[in-house]
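Observations on chain architecture
Here's the letter readout for the chains.
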Amino acid sequence: GLTPASPSPAPLLRLAWNTHNTNLIAVVTLDKTSVSVVDIRRAGVALQELSSGDAHAHTLAWAPHSRNHLLCGADNGCAMVWDISRAQASPAHGEPLDGGLGSDSLDKHTPVLSYGCDHEIYQVQWPASQPDCIALGTASHFQVFEV
């Protein structure tokens, strides 16, 4: 199996496999507020850390129509869509994740979309049947948005 390189890794809370780039998994661990994007060919090294300050990600969903977009829901009530093509060059191959279409002038640590609500987000969905919509679930209600 795949294990991180550290001797005693923190427990994994969530993971989401990218269905378009099957080498990538997004992972939330107990000891970090960020989401790690990991290439399974080099599982001990995160390709990118996606963070929005002190918020802890609770839930993850890759876009059903894009290999580069990841939706995260956090404990501060913020939902964020990250474009991982803005990542640094892959340490395994030295090429951008998007095959060269990324721009070095883009901020690599800012989500491309974000939405704040008044409640902690426990669940996010980005359905293949409605790729232009995302759904956010909190303790008491859900919201559906066009993206």
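The model shown is predicted, which means the values in this text are computed figures rather than measured ones.

1. Considering the pairing of strand β7 (residues 78-83)
The buried fraction of β7 amounts to 6 of the 6 residues, a majority that puts the element mostly inside the structure. Where strand β6 (residues 69-74) lies against β7, 5 bridges are found, and the strand directions are antiparallel. Bridging from a neighbouring strand, His 69 pairs with Asp 83 of β7. Connecting the antiparallel pair β6 and β7 is a turn made up of 3 residues, with Gly 77 showing a positive phi of about 85°.

2. Remarks on the state of the cysteines
Where two cysteines share a covalent bond between their sulfur atoms, that bond is called a disulfide. According to the stated counting rule, one finds 0 disulfides in the structure shown. Sulfur of Cys 72: no disulfide; nearest cysteine sulfur belongs to Cys 78 and is 9.8 Å away. Given the relative accessible area of 1%, Cys 72 is considered buried.

3. As for the sheet that holds strand β2 (residues 24-29)
One open sheet holds the 4 strands; their spatial order is β1-β2-β3-β4, and the pairing between them is antiparallel. Only two strands of the sheet have a single partner each, and these edge strands are β1 (12-17) and β4 (46-50). Sheet twist, expressed as the average angle between the axes of neighbouring strands with direction ignored, equals 25°. In this sheet, β4 lies alongside strand β3 (residues 35-39) in antiparallel orientation, the contact comprising 4 bridges. Looking across to β4, one finds that Ser 36 is bridged to Glu 49.

4. Description of the packing of aromatic side chains
Within this structure, the stated rule accounts for 1 aromatic pair. Ring centres 4.3 Å apart and planes at 50° place the aromatic pair Tyr 115 and Phe 145 in the tilted group. With Tyr 115 in strand β8 (residues 113-116) and Phe 145 in strand β11 (residues 142-146), this pair connects stretches of sequence that are 30 residues apart. A residue is classified by how much of its surface remains accessible, and Tyr 115, at 31% relative accessible area, is partly exposed. Since its relative accessible area comes to 23%, Phe 145 is described here as partly exposed.

5. Comments concerning a nonpolar patch on the surface
On the surface, a nonpolar cluster with roughly 210 Å² of combined accessible area is contributed by Val 112, Leu 113 and Val 147. Mapped onto the fold, Leu 113 is located in strand β8. Residue Leu 113 is classed as partly exposed on the basis of its relative accessible area, which comes to 43%.

Conventions used here
- Residues numbered from 1 in each chain as written.
- Predicted model: local features only at pLDDT ≥ 70, side-chain atom pairs only at ≥ 80, totals over all residues.
- Heavy atoms only, no water.
- Buried < 20%, exposed > 50% of the residue type's maximum accessible area, 1.4 Å probe, protein only.
- Helix = DSSP H or I, 4+ residues; strand = E, 2+ residues; numbered from the N terminus.
- Pairing = 2+ DSSP bridges.
- Disulfide = S-S within 2.5 Å.
- Axes fitted to C-alpha atoms, helices over the stretch in contact; angles between N-to-C directions.
- Phe/Tyr/Trp six-rings, centres within 6.5 Å; stacked < 30°, edge-to-face > 60°.
- Patch = residues over 30% accessible without salt bridge, like charges linked within 9 Å, V, L, I, M, F, W, Y side chains within 5 Å.
- Areas by Shrake-Rupley, 256 points an atom, 1.4 Å probe, with all protein chains shown as cover.
- Salt bridge = Lys/Arg side-chain N within 4 Å of Asp/Glu carboxyl O.

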